[in-house]
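# Analysis of the macromolecular model
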Amino acid sequence: MIGVLVSGTGTNLQALIEAKLPVRAVASNKQSAPALARIRDLPTASFELRDFESREQRDAAMGEWLLAQGVEVVVLAGYMHILTPGFLALFPQRVLNVHPSLLPGFPGAHAVADQLAAGVREAGATVHVVDEGVDSGPILLQERVPVLPGDTEDSLHARIKEVEHRLLPLAVEEFLCAR
Ligand code: GAR
């Protein structure tokens, strides 16, 4: 059973659901995340940092909630906070992330803008297993995405997301099958 963590618009969450993967629960660090509004028939919860004394306590509460929903594998679908080691220990080697670059190149929260600023001809999308680093951890699937003349951050990100919506469900399905 999958738990999905989101912070943003949730198009990757939608792709997981449309692929009929066993999504059991959705959590966010932002109560106002548009991704949560997409969900009608699944348990959702938000864990705002300001409601907890520390990031460790917030992540512990979020992890316990996911476990209580029967979640075994966690997928970060546009989740923009770094997870604490305590959270990762609840789901050892069972947290996956999608990232809009060809990792290990361009980790971090501004990968699309960083790739444009660097003038690369090829951007990309990567799905990987999360470890304690920033967008590090073993790569499961990766695909190149061309950067076109005149691209803006929005146009390039939209092209990358098209790939992510295919790559993420595929990587999750393969990961679940291999378990
Ligand atoms: C995706 O492009 C994902 O790769 C990126 O946030 C976007 C979320 O879009 N994640 C990161 O940058 C993580 N470092 P979505 O909310 O529409 O799925």
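Data block above holds the structure.
What counts as what
Residues numbered from 1 in each chain as written. Predicted model: local features only at pLDDT ≥ 70, side-chain atom pairs only at ≥ 80, totals over all residues. Heavy atoms only, no water. Helix = DSSP H or I, 4+ residues; strand = E, 2+ residues; numbered from the N terminus. Buried < 20%, exposed > 50% of the residue type's maximum accessible area, 1.4 Å probe, protein only. Polar contact = N/O pair within 3.5 Å; in protein donor to acceptor, adjacent residues only side chain to side chain. Contact = heavy atoms within 4.5 Å. Near = heavy atom within 4 Å. Areas by Shrake-Rupley, 256 points an atom, 1.4 Å probe, with all protein chains shown as cover. Nonpolar A, V, L, I, M, F, W, Y, C, P; charged D, E, K, R; others polar. Pairing = 2+ DSSP bridges. Axes fitted to C-alpha atoms, helices over the stretch in contact; angles between N-to-C directions.

### Points about the side chain of Asp59
For Asp59, the position within the fold is in helix 3 (residues 55-68). For Asp59, a relative accessible area of 0% gives the class buried. Polar contacts involving the side chain of Asp59 include one to the main-chain amide nitrogen of Thr84, which spans 2.8 Å. Discounting residues that sit within four places of it in the chain, Asp59 has contacts with Ile82, Leu83, Thr84 and Phe87.

### A look at the site of the ligand
In the vicinity of the ligand there are 15 residues, among which Thr9, Thr11, His157, Lys161 and Glu164 approach most closely. Between the ligand and Lys161, the relevant distance is 2.7 Å, taken from an oxygen atom to a side-chain nitrogen or oxygen of the residue. For the ligand, whose accessible area on its own is 450 Å², the fraction buried by protein is 93%. Considering each element in turn, the shell around the ligand owes the most residues, 3 residues, to helix 6 (residues 153-178). Split by residue class, the shell around the ligand holds 3 nonpolar, 9 polar and 3 charged.

### So, the sheet that holds strand 7 (residues 139-146)
Hydrogen bonds between backbone groups are what pair the strands of a sheet, and the pairing can be parallel or antiparallel. Read from one edge to the other, the open sheet built from 7 strands follows the order 3-2-1-4-5-6-7, with strand pairing classed as mixed. Here the strands that pair on one side only, and so sit at the sheet edges, are strand 3 (44-46) and strand 7. Ignoring strand direction, the axes of neighbouring strands in this sheet form an average angle of 15°. Across 3 bridges, strand 4 (residues 73-76) lies against strand 5 (residues 95-99) in parallel orientation. Note on strand 5: the bridge partner recorded for Val74 is Val95. Across the face of the sheet, helix 3 comes into contact with strand 1 (2-6), strand 2 (23-28), strand 3 and strand 4 while running at roughly 165° to strand 2. Contacts between helix 6 and the sheet are confined to strand 1, strand 4, strand 5, strand 6 (122-129) and strand 7, with strand 7 contributing the most and set at about 160° to the helix.

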